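# Chain and residue survey
Listed below, chain by chain, are the residues.
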Amino acid sequence: MQTIDLEDFNKIELRIGTIQRAELFEKAKKPAYKIWVDLGPDLGVKKSSAQVTVHYSLSDLPGKQVLCVCNLQPRQIADFMSEVLITGFSSSEGGIFLATSDLPAPNGARLH
């Protein structure tokens, strides 16, 4: 594993937001959802494509808080521009578990 210093870590904008809505991403190569995340008054609502269909249905997602990388370059995926990266952990079943907080946090709060 490569190590980084604190200055490098601080360059990564890891922030929590609340999923407002989610739709099936039919044009994605792998099963995925289109997700809109409210990242607070400074960043607003950002879009993301997330391959979380193994463990989450569309109805599970609205209202869930997720940890996002907010300062990656936007990425075009099919006809959708993904503006943030929603983070998660690989599961033994091959899916992704979303990274979240065990207590509610204000949208846009930064991970320390």
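On a predicted model such as this, the values are computed, not experimentally measured, just so you know. (Residues numbered from 1 in each chain as written. Predicted model: local features only at pLDDT ≥ 70, side-chain atom pairs only at ≥ 80, totals over all residues. Heavy atoms only, no water.)

Residues annotated by UniProt as "domain: TRNA-binding" (unreviewed entry) correspond here to residues 8-112. Measuring from the first to the last C-alpha atom of residues 8-112 gives 13 Å, for a span that is 7% helix and 40% strand. (UniProt positions renumbered as here; feature names shortened; annotations may be inferred. Helix = DSSP H or I, 4+ residues; strand = E, 2+ residues; numbered from the N terminus.)

Secondary-structure assignment places Phe89 in strand S8 (residues 88-90). The exposure class assigned to Phe89 is exposed, which follows from its relative accessible area of 53%. When the C-alpha positions of Phe89 and Ala99 are compared, they lie 6.8 Å apart, and in sequence the two are 10 residues distant. Apart from residues no more than four positions distant in its own chain, Phe89 is found in contact with Gly95, Ile96, Phe97 and Ala99. (Buried < 20%, exposed > 50% of the residue type's maximum accessible area, 1.4 Å probe, protein only. Contact = heavy atoms within 4.5 Å.)

Right, let's get into unusual backbone geometry. Located in the positive-phi region is Ala78, a residue other than glycine, with phi close to 55°. Take Ala78: it is sitting in the loop between strand S5 (75-77) and strand S6 (80-82). For Ala78, a relative accessible area of 46% corresponds to the partly exposed category.

With that settled, consider the sheet that holds strand S7 (residues 85-86). Strand order in the open sheet made by the 5 strands is S3-S2-S1-S4-S7, with antiparallel pairing throughout. Each having just a single partner strand, strand S3 (45-50) and S7 make up the two edges of the open sheet. (Pairing = 2+ DSSP bridges.)

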